[in-house]
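Residue-level structural notes
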Amino acid sequence: MENVEMKIRKFLSRFFRKHELQGNEDIFSLGFVNSLFAMQLVMFLEKEFGITVDTKDLDLENFRTLNAIVSFIDKKKVEV
Amino acid sequence: MKIELTEDQLKMQAEFREFVDNDIIPFAAESDREERMHPKVLEKIIEKGYIGSMLPVEYGGMGMDMVTLGILNEEVGRGCSSARSLLTVHGMVALAILRWGTKEQKQYWLPKMAKGEIIGAFGLTEPNVGSDAKSVEASAVEEDDFYIINGHKKWTTMGQIADVFLIFARCNDKPTAFLVEKDRAGFSTTPMKGLMGARASMIAELHLDTCRIPKENLVGKVGAGLSHVALACLDYGRYTVAWGCVGLGQACLEASIKYSRKRKQFGTPLRENQLIQQLITKMLVNVKAARLLCYNAGYLKEIGDPDTIMETWVAKYFASKMVNEVASEAVQIHGGNGCHSDYPVERYYRDARINEIIEGTTQMHEVLIAMNAFRTI
């Protein structure tokens, strides 16, 4: 669990530089990411955790915060 | 670190080169002149299976790795930029279906697209909307089991011959992707003529006038049209355009070397002139540098590394600028002959220019690459 969060945090930190991202902060409203971020995030999650992000998963609520992404990965890992 | 092609990749490269020399180059000048893809070129690309180069074997495609796919686009780009653009746009649509399509969409469309029975085209750009893609004006409204699409698309590559179009329209005010078949009522195309370069790209305007499509033609989710569908398509588009520029640059280089060997001025071949040598050196090094950036982007794609997205922007930016310099130098070496259609560099020069505009202008690349640098360095 912690491991998943650490990995995601590390990936996100590349976009947020000095900002210490809180677990429940809205990633998309902080002004750090551009239009390519959603695609980069999906690629990262698929490669890092061996999951497939399906069309049904394309709900912003799955990716809005660090906590949401961690829960999403946990849910997907159970599906696998 | 190891930068070298595998034995299989080298074998494929030789096969592509032979194919382009025999089946694409002989038709390139005519296709350019007549502003239409020679039917034999399309026929041969289909016959060889290259039309399905980007699709997995399970759907009847060739299942090429990303680097081999790059080399194919380089070689085709060396012969004919318009033929390369066919692989680009057809692939963009096929890959959108592969990535975000439903099981039914994949099973229906992909085997046909892999065999070239169906050609795909990408309908994002509009008369009023280019770089600012999120502002597309086309609209889609849900009505019972249908979407009703209204809109006008422009500059659609292969729009004259495509059978299915990936159309981007606002649905509930959010960018959304739909598949529209060419025979749907309310859908029509108008061929466009007069392009400066890549003249055989068969571009068209698309008109959607209360065009009713079944709900099953939605690709991905409402609202995911740009962020996931179009941007993934454009990543592949940018990757293959970058490779096409490397191929076109290589064609300029090879033509210039050949010409400099036989053309004599002041009693000696041009090749002995040091200013010509300087031009050849600049061309060669630039082509090689662009190729390495493309290999890098391709390798990252192959291993699924998200960095491939920015590296593809970098490769396309450099390669498209590079090919304009290289094509200009090729014309310079050819002198008066380079300004006439008797020599292919005249076409290369016009074709090169298109690459700094399609799949993101040079200026959009400069904004995006710099912003990414400020964010991450």
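The structure displayed is predicted, hence computed values, not measured ones.

What follows is about the pairing of strand β4 (residues 164–171) of chain B. Residues and elements named next belong to chain B. With seven of eight residues buried, β4 lies mostly within the body of the structure. Relative to β4, strand β1 (residues 120–123) is paired through four bridges, and the arrangement is parallel. The residue of β4 that forms the bridge with Phe122 is Leu166. Where strand β2 (residues 139–143) and β4 come together, two bridges link them in parallel fashion. Following the sheet pairing, Ser139 is matched in β4 by Arg170. Pairing of β4 with strand β5 (residues 174–181) involves eight bridges; the strand directions are antiparallel. Following the sheet pairing, Cys171 is matched in β5 by Lys174. The hairpin turn running from β4 into β5, its antiparallel successor, is two residues long, and Asn172 in that turn takes a positive phi close to 50°.

One finds Ile8, Leu12 and Leu45 of chain A together with Ile45, Phe122 and Leu166 of chain B to be the most contacted residues of the largest nonpolar core, which totals 145 residues. Take this core: its biggest share by element is 19 residues, from helix α6 (residues 225–262) of chain B. Residues contacting Leu12 of chain A, with those up to four places away along its chain left out, are Leu21, Ile27, Phe37, Leu41, Leu66 and Ile69 of chain A.

Another point: the interface of chain B and chain A. Contact with chain B, which involves 24 residues of that partner, is made by 22 residues of chain A. Both faces combined, the contact of chain B with chain A buries some 2100 Å², and carbon together with sulfur accounts for 61% of it. Here chain B is connected to chain A by two salt bridges. One salt bridge connects Asp307 of chain B with Arg14 of chain A, and the closest N-O pair in it is separated by 2.2 Å. Run the count over chain B and chain A and you get seven residue pairs in polar contact (both at pLDDT 80 or more). Mapped onto the side of chain B that touches chain A, the elements with two or more residues apiece are α4 (81–100), α6, α8 (307–334) and α10 (362–376) of chain B. When its residues are assigned to classes, the side of chain B that touches chain A shows 12 nonpolar, six polar and six charged.

Quick look at a nonpolar patch on the surface now. Together, Met1, Ile3 and Leu292 of chain B line one region of the surface with nonpolar side chains, adding up to about 420 Å² of accessible area. Assignment of secondary structure puts Met1 of chain B in the segment before α1 (7–34).

Right, let's get into a negative patch on the surface. Residues and elements named next belong to chain B. A cluster of acidic residues, Glu104, Asp144, Asp145 and Glu216, forms a negative patch at the surface. Inspection of the secondary structure puts Glu104 in helix α5 (residues 103–115). Note on Glu104: relative accessible area 56%, which makes it exposed.

Below, the discussion takes up the domain arrangement of chain B. Residues and elements named next belong to chain B. Under the domain assignment used here, chain B contains domain 1 (7–115), domain 2 (120–222) and domain 3 (226–376). The C-alpha-based centres of domain 1 and domain 2 are spaced at 22 Å. Listed by partner, the interface residues are 22 residues for domain 1 and 23 residues for domain 2. Here domain 1 packs against domain 2, burying approximately 1900 Å² in sum over the two surfaces, 66% of which is carbon and sulfur. Run the count over domain 1 and domain 2 and you get two salt bridges. The closest approach of N and O atoms between Arg199 and Glu35, which form a salt bridge, is 3.3 Å. Here domain 1 is connected to domain 2 by 11 residue pairs in polar contact (both at pLDDT 80 or more).

With that settled, consider the packing of aromatic side chains. Scanning the model with the defined rule gives 16 aromatic pairs over all chains in all. One aromatic cluster in this structure is built from Phe11, Phe15, Phe28, Phe37, Phe44 and Phe49 of chain A. Directly above the ring of Tyr239 of chain B sits Lys301 of chain B, whose terminal nitrogen or CZ lies 5.2 Å from the centroid.

Another aspect to go through is the packing of helix α2 (residues 37–49) of chain A against α6 of chain B. The N-to-C vectors of α2 of chain A and α6 of chain B enclose an angle of 85°; their axes lie 9 Å apart at closest approach. Compared by their axis directions, α2 of chain A and α6 of chain B come out roughly perpendicular. Judged by residue contacts, Ala38, Met39 and Val42 of chain A of α2 of chain A engage Ser227, His228, Leu231, Ala232 and Asp235 of chain B from α6 of chain B. Classifying every residue of the contact of α2 of chain A with α6 of chain B by side-chain character gives five nonpolar, two polar and one charged.

Conventions adopted
Residues numbered from 1 in each chain as written. Chains lettered and ligands numbered in written order. Predicted model: local features only at pLDDT ≥ 70, side-chain atom pairs only at ≥ 80, totals over all residues. Heavy atoms only, no water. Buried < 20%, exposed > 50% of the residue type's maximum accessible area, 1.4 Å probe, protein only. Helix = DSSP H or I, 4+ residues; strand = E, 2+ residues; numbered from the N terminus. Pairing = 2+ DSSP bridges. Core = buried A, V, L, I, M, F, W, Y, C linked by side-chain atoms within 4.5 Å. Contact = heavy atoms within 4.5 Å. Buried area = accessible area lost by both parts, 1.4 Å probe. Salt bridge = Lys/Arg side-chain N within 4 Å of Asp/Glu carboxyl O. Polar contact = N/O pair within 3.5 Å; in protein donor to acceptor, adjacent residues only side chain to side chain. Nonpolar A, V, L, I, M, F, W, Y, C, P; charged D, E, K, R; others polar. Patch = residues over 30% accessible without salt bridge, like charges linked within 9 Å, V, L, I, M, F, W, Y side chains within 5 Å. Areas by Shrake-Rupley, 256 points an atom, 1.4 Å probe, with all protein chains shown as cover. Lys, Arg positive; Asp, Glu negative; His and termini not counted. Charge placed at Lys NZ, Arg CZ, Asp CG, Glu CD. Domains from an automatic or database assignment. Phe/Tyr/Trp six-rings, centres within 6.5 Å; stacked < 30°, edge-to-face > 60°. Lys NZ or Arg CZ within 6 Å of the ring centre and 35° of its normal. Axes fitted to C-alpha atoms, helices over the stretch in contact; angles between N-to-C directions. Parallel < 35°, antiparallel > 145°, perpendicular 65-115°, else oblique.

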